[in-house]
Amino acid sequence: MNSVAIKSLNTFRMNVFAKRIVVALTEEDLLKAWRQATILDNQPILILGGGSNVLFLENYMGTILLNRIRGITIKESKDAWYLYIHSGEIWNRLVNFSINQNMPGLENLAFIPGYVGTAPIQNIGAYGVEFCQFCEYVDILQLDNGKKYRLNKFECCFDYRESIFKHSYRNNYAIIAVNLRIDKIWKPIIHYNGLTHFNVNRVTPRQILNRIFLLRKRKIPNPLFQGNAGSFFKNPIVDAKTAKILKNKYKNIPIFSVKNNQFRLSAGWLIEKCQLKGYKMGNAEVYNKQALILVNNGKATGTELILLAKYIRDKVSEKFSIWLEPEVRFIASQGEIDPSKIL
Ligand SMILES: Cc1cc2nc3c(=O)[nH]c(=O)nc-3n(C[C@H](O)[C@H](O)[C@H](O)COP(=O)(O)OP(=O)(O)OC[C@H]3O[C@@H](n4cnc5c(N)ncnc54)[C@H](O)[C@@H]3O)c2cc1C
């Protein structure tokens, strides 16, 4: 029997249940909950922060472990501040805290939902800035033996919405803390659309943060009223040849140069050009102000969202020969499943 509702623990607001919810305030709590679920009860266990990057496809037949280990320690050198932050701190509170303490740098990453411990997993990013630009190291705890490891920023293998934590350290590990370095010489990042009107010599971190609040409010639905998990798909990365072909065919296509002769496309633009903005399938729909976001209109099931995602993927593939990869993680009754198995 599943008995605990987890609708309020996932931003897609999927109306599903789990067997148990445990809140961990310490590392010992994490280890205890892990032992109880896996060894004593022989059930799966899933660590969650804010549930803002997951889609529950059905009831979860195990324990949801809410990581709420808190605490921030600050050190300082001549050139930088170093913040050691436990994983159960809320990301946006950290951003505000650092700015209130006159340690600007994280403002472009404001208002991203979720917890600090999840930020390295997909190397969160927004408005031209990524988590990896600040990360010095990440501390992890192996849950089946209590051993701790420290991975420096290179070992984390950060990339666009990618890190080692999506692969090698996916099961049996909890991220327990991150260490960020914030340079004392603040350089405002204002090259992104919506920020370019600022004067680089006069703008303040708070002005950038306030502006980002407005920009996000315009384009991203509030999960409290319209369930969603932000971008459903990643922006595709293509080689120079593909980028050139697309540019010749579609003059207005947004293409951004990244690294090693690779180019990033806008998944939202590709979906919009397939006339799918606002498209509905059952109770799941493409958000009408930003085609990259899929929305639960209140009663959507996991199957409806997956059918919609498949439809979008096929349409984009037919028109542009580009294959979209999901950014959201899919959670089935026994745990996370590989998107290629259902999409
Ligand atoms: C409205 C909205 C806007 C968003 N905007 C952005 C954006 O601008 N940029 C961006 O990058 N993302 C964005 N996202 C996605 C999301 O906010 C981020 O991916 C965020 O880092 C997820 O944090 P979370 O704590 O909610 O993760 P969760 O959804 O709780 O967890 C995600 C995954 O991490 C695992 N996990 C969680 N905590 C731990 C831990 N301590 N140790 C090990 N594994 C763990 C979970 O098991 C799960 O597989 C947005 C989402 C929403 C809903």
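Note that the structure is a prediction, hence the values are computed from the model and not measured. (Residues numbered from 1 in each chain as written. Predicted model: local features only at pLDDT ≥ 70, side-chain atom pairs only at ≥ 80, totals over all residues. Heavy atoms only, no water.)

**Examining the sheet that holds strand β11 (residues 148–152)**
Here we have 5 strands laid out as an open sheet, ordered β6-β7-β12-β10-β11, and antiparallel in their pairing. Pairing within the sheet leaves two strands with one partner each, and these edge strands are β6 (72–76) and β11. Strand-to-strand twist across the sheet, computed as the mean angle between neighbouring axes with direction ignored, equals 20 degrees. Sheet topology places strand β10 (residues 135–142) next to strand β12 (residues 173–183); 7 bridges connect them, and they run antiparallel. Directly across from I140, in β12, lies its bridge partner I175. Relative to the sheet, helix α1 (residues 27–40) contacts β10, β11 and β12, its axis offset from that of β10 by approximately 40 degrees. (Pairing = 2+ DSSP bridges. Helix = DSSP H or I, 4+ residues; strand = E, 2+ residues; numbered from the N terminus. Axes fitted to C-alpha atoms, helices over the stretch in contact; angles between N-to-C directions. Contact = heavy atoms within 4.5 Å.)

**Points about the site of the ligand**
The ligand sits among 33 residues. The nearest are I47, G49, S52, T118 and Q122. A distance of 2.8 Å separates a nitrogen atom of the ligand from a polar side-chain atom of R216. In the complex, the protein chains occlude 93% of the 990 Å² of accessible area that the ligand would expose alone. Residue assignment for the shell around the ligand shows that the elements contributing at least two residues are β3 (45–48), β8 (125–126) and β12. Here the residues of the shell around the ligand are counted per class, giving 16 nonpolar, 13 polar and 4 charged. Here the shell around the ligand spans two domains, since at least three of its residues come from each of domain 1 (4–67) and domain 2 (72–218). (Near = heavy atom within 4 Å. Polar contact = N/O pair within 3.5 Å; in protein donor to acceptor, adjacent residues only side chain to side chain. Areas by Shrake-Rupley, 256 points an atom, 1.4 Å probe, with all protein chains shown as cover. Nonpolar A, V, L, I, M, F, W, Y, C, P; charged D, E, K, R; others polar. Domains from an automatic or database assignment.)

**Notes on the domain arrangement of the protein**
When the parts of a complex come together, some accessible area is lost, and that lost area is often used as the size of the interface. When its domains are assigned, the protein resolves into domain 1 (4–67), domain 2 (72–218) and domain 3 (231–327). The interface of domain 2 with domain 3 comprises 7 residues on the first partner and 7 residues on the second. With both sides pooled, the region where domain 2 packs onto domain 3 buries about 600 Å², and carbon together with sulfur makes up 38% of that total. Linking domain 2 with domain 3 are 3 salt bridges, by the criterion used here. With a shortest N-O distance of 3.4 Å, D159 and K259 are connected by a salt bridge. Viewed at the interface, domain 3 and domain 2 are joined by 4 residue pairs in polar contact (both at pLDDT 80 or more). Classifying every residue of the side of domain 2 that touches domain 3 gives 1 nonpolar, 1 polar and 5 charged. (Buried area = accessible area lost by both parts, 1.4 Å probe. Salt bridge = Lys/Arg side-chain N within 4 Å of Asp/Glu carboxyl O.)

**Some words on the packing of helix α2 (residues 91–100) against helix α3 (residues 205–219)**
Helix-helix packing is described using two parameters, namely the angle between the two axes and the distance between the axes. Orientation of α2 relative to α3, taken along the N-to-C sense of each, is 155 degrees, at an axis distance of 10 Å. Here α3 runs roughly antiparallel to α2, going by the angle between their axes. Note on packing geometry: the crossing formed by α2 with α3 is left-handed. On α3, the residues that touch V95, N96, I99 and N100 of α2 are P205, R206 and L209. Class assignment for the residues of the contact of α2 with α3 results in 4 nonpolar, 2 polar and 1 charged. (Parallel < 35°, antiparallel > 145°, perpendicular 65-115°, else oblique. Left-handed = near helix turned anticlockwise from the far one by under 90°.)

**Section: the side chain of E285**
Its location among the elements puts E285 in strand β17 (residues 284–286). Setting aside chain neighbours within four positions, we find E285 in contact with Y279, K280, I293, L294, V295, N297 and L308.

**Topic: helix α6 (residues 302–320)**
Here α6 spans 27 Å end to end across 19 residues, near enough to the 27 Å set by a 1.5 Å rise per residue. Of the residues making up α6, those classed as buried are G302, E304, L305, I306, L308, A309, I312, R313, V316 and F320. S321 occupies a position one or two residues after α6 and carries a positive phi of about 55 degrees. (Expected span 1.5 Å × (residues − 1). Buried < 20%, exposed > 50% of the residue type's maximum accessible area, 1.4 Å probe, protein only.)

**Considerations on the environment of L48**
Relative to the assigned elements, L48 resides in strand β3. Each C-alpha atom of the pair L48 and G117 lies 9.5 Å from the other, and the pair is 69 residues apart in sequence. Apart from the residues lying within four places of it in its own chain, the contact partners of L48 are L9, V54, F56, I64, L65, L66, N67 and R68.

**Here's the deal with the state of the cysteines**
On inspection of all chains with the given rule, the structure shows 0 disulfides. No disulfide involves C135; its sulfur sits 5.0 Å from that of C156, the nearest cysteine. (Disulfide = S-S within 2.5 Å.)

**Notes on the sheet that holds strand β19 (residues 329–332)**
Here 3 strands make up an open sheet; going across it, the order is β4-β19-β20 and the pairing mixed. Taken across any chain shown, the strands that pair with only one partner, and hence form the sheet edges, are β4 (54–56) and β20 (335–337). When the angles between neighbouring strand axes are averaged without regard to direction, this sheet yields 40 degrees. Here 3 bridges tie β4 to β19, and the two strands are oriented parallel to one another. Residue pairing for β19: F56 is matched across the bridge by I331.

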